[in-house]
Amino acid sequence: MKYCLAQPEDAATVHDLMLQAFSIYRDSVPPSSALAETIESIMQSLKHGKEAVILYVENKPVAMARFTLEETSLYFYRLSVIPPFQGKGMAKRLIQWLETYAKECGRESLTCKVRMNISRNLALYESIGFYIEEKEIVHRDGVDIPVVNMKKDSLKGVMT
C-alpha cells in the first residue's frame, strides 16, 4: 500500500474513485453533489489550495479523500473507497494517514460532515474517535438535508 498526495494531473483518478464510491448515493434525495463534480472542477480545486490523498494497493488506486487545512484542523470530504475494497479497512487507513498529516502540519483535529441518514458512515467515524460536534440543515435543490459536523480532537497521540 502507498499513499500519494494528488497533483492537478491526478484529477481524473480522483474523479473516477469518487464516482465509483458515491454511485450508491445516486438515488438519494437529493443525490450527492459529489456526482455532479467534474474532472475540471477537481483539477481547479487541486490547483487552488485544496488537496487530496490517493491510496494505492498493488499500484492500483482504490481510495481517496479530499481535504483542506484550516486554522486548527484538517477538514476532509468526499472520502471514497471503490466498492470492491469497501469494508476492508481502507477508509480507516486513509483517516489514519490524514491524522498523521494533520499533526505534521500542526493541526489539532480532524473534521468532516456526514449526512445523518448514512448510519454506516456515522458508525465508522464514531468507532475511531469522532464525535458529533454540531447538527445542521443544508439546503440544496429545494431539499433540507440533515447533516452532522463530526470532529476528532487532540491528534497529539497520533503516531508519525
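Predicted model, so just to flag it, every value in this text is computed and none were measured.

Rules used in this analysis
- Here the residue numbering is sequential within each chain, running from 1 through the sequence in written order.
- Local features in this predicted model are restricted to residues whose pLDDT is 70 or higher, and side-chain atom pairs enter the listing and the counts only when it is 80 or higher, whereas totals over whole chains, interfaces and linings include all residues.
- Side-chain figures throughout are based on the complete set of non-hydrogen atoms in the structure, without hydrogens or water.
- Helix numbering and strand numbering both begin at the N terminus, where a helix is a DSSP run of H or I of at least 4 residues and a strand a DSSP run of E of at least 2.
- Counted as a polar contact is a pair of N or O atoms within 3.5 Å, where, for protein atoms, one must be capable of donating a hydrogen and the other of accepting one, and residues adjacent in sequence contribute only when both atoms are in side chains.
- Two residues form a contact once any of their heavy atoms are found within 4.5 Å.
- Any Lys or Arg side-chain nitrogen found within 4 Å of a carboxyl oxygen on Asp or Glu counts as a salt bridge.
- For a helix, the expected span equals 1.5 Å multiplied by the number of residues minus one.
- Burial classes: relative accessible area under 20% of the type maximum marks a residue as buried, over 50% as exposed, and values in between as partly exposed (1.4 Å probe, protein chains only).
- Whether two strands pair comes down to DSSP finding at least two bridges between them.
- Fitting a line to C-alpha atoms yields each axis, with helices limited to the stretch in contact; the angle taken between N-to-C directions then spans 0 to 180 degrees.

## Re the side chain of Lys152
Working step 1: Along the chain, the position of Lys152 falls in strand S7 (residues 143-152).
Working step 2: A polar contact of 2.8 Å, which involves the side chain of Lys152, links it to the backbone oxygen of Ile128.
Working step 3: Excluding residues within four positions of it along the chain, Lys152 makes contact with Glu99, Glu108, Ser109, Leu110, Ile128, Gly129 and Phe130.

## Structural notes on the pattern of salt bridges
Working step 1: What the rule picks out here adds up to six salt bridges.
Working step 2: Residues Arg66 and Glu37 are paired through a salt bridge, measuring 2.9 Å at the closest nitrogen-oxygen approach. In this pair, Arg66 sits in strand S3 (residues 60-69) while Glu37 sits in the loop between helix H1 (11-22) and helix H2 (39-47), placing the two residues 29 residues apart along the sequence.
Working step 3: Ionic pairing is found between Glu133 and Lys151, a salt bridge with its closest N-O pair at 3.5 Å. Highlighted residues: Glu133 in strand S6 (residues 131-140) and Lys151 in strand S7, separated in sequence by 18 residues.
Working step 4: Taken together, the salt bridges that share partners define one network made up of Glu37, Arg66 and Arg78.

## Describing unusual backbone geometry
Working step 1: Located in the positive-phi region is Glu58, a residue other than glycine, with phi close to 50 degrees.
Working step 2: On the secondary structure map, Glu58 appears in the loop between strand S2 (51-57) and S3.
Working step 3: You will see that Arg78, though not glycine, has its phi angle at about 60 degrees, which is positive.
Working step 4: Mapped onto the fold, Arg78 is located in strand S4 (residues 73-81).

## Here we look at helix H3 (residues 90-104)
Working step 1: Helix length check: H3, at 15 residues, gives a terminal C-alpha distance of 21 Å against a target of 21 Å (1.5 Å per residue), a fit within 8%.
Working step 2: Residues Met90, Ala91, Leu94, Ile95, Trp97, Leu98, Glu99, Thr100, Tyr101 and Ala102 constitute the buried set of H3.
Working step 3: At the C-terminal side of H3, Gly106 shows a positive phi close to 80 degrees.

## Some thoughts on the sheet that holds S4
Working step 1: The seven strands are arranged S1-S2-S3-S4-S5-S7-S6 in an open sheet whose pairing can be described as mixed. The open sheet has two edge strands with one neighbour each: strand S1 (2-5) and S6. Neighbour to neighbour, the strand axes of the sheet diverge by 30 degrees on average, direction disregarded.
Working step 2: By the bridge criterion, seven bridges tie S2 to S3 in an arrangement that is antiparallel.

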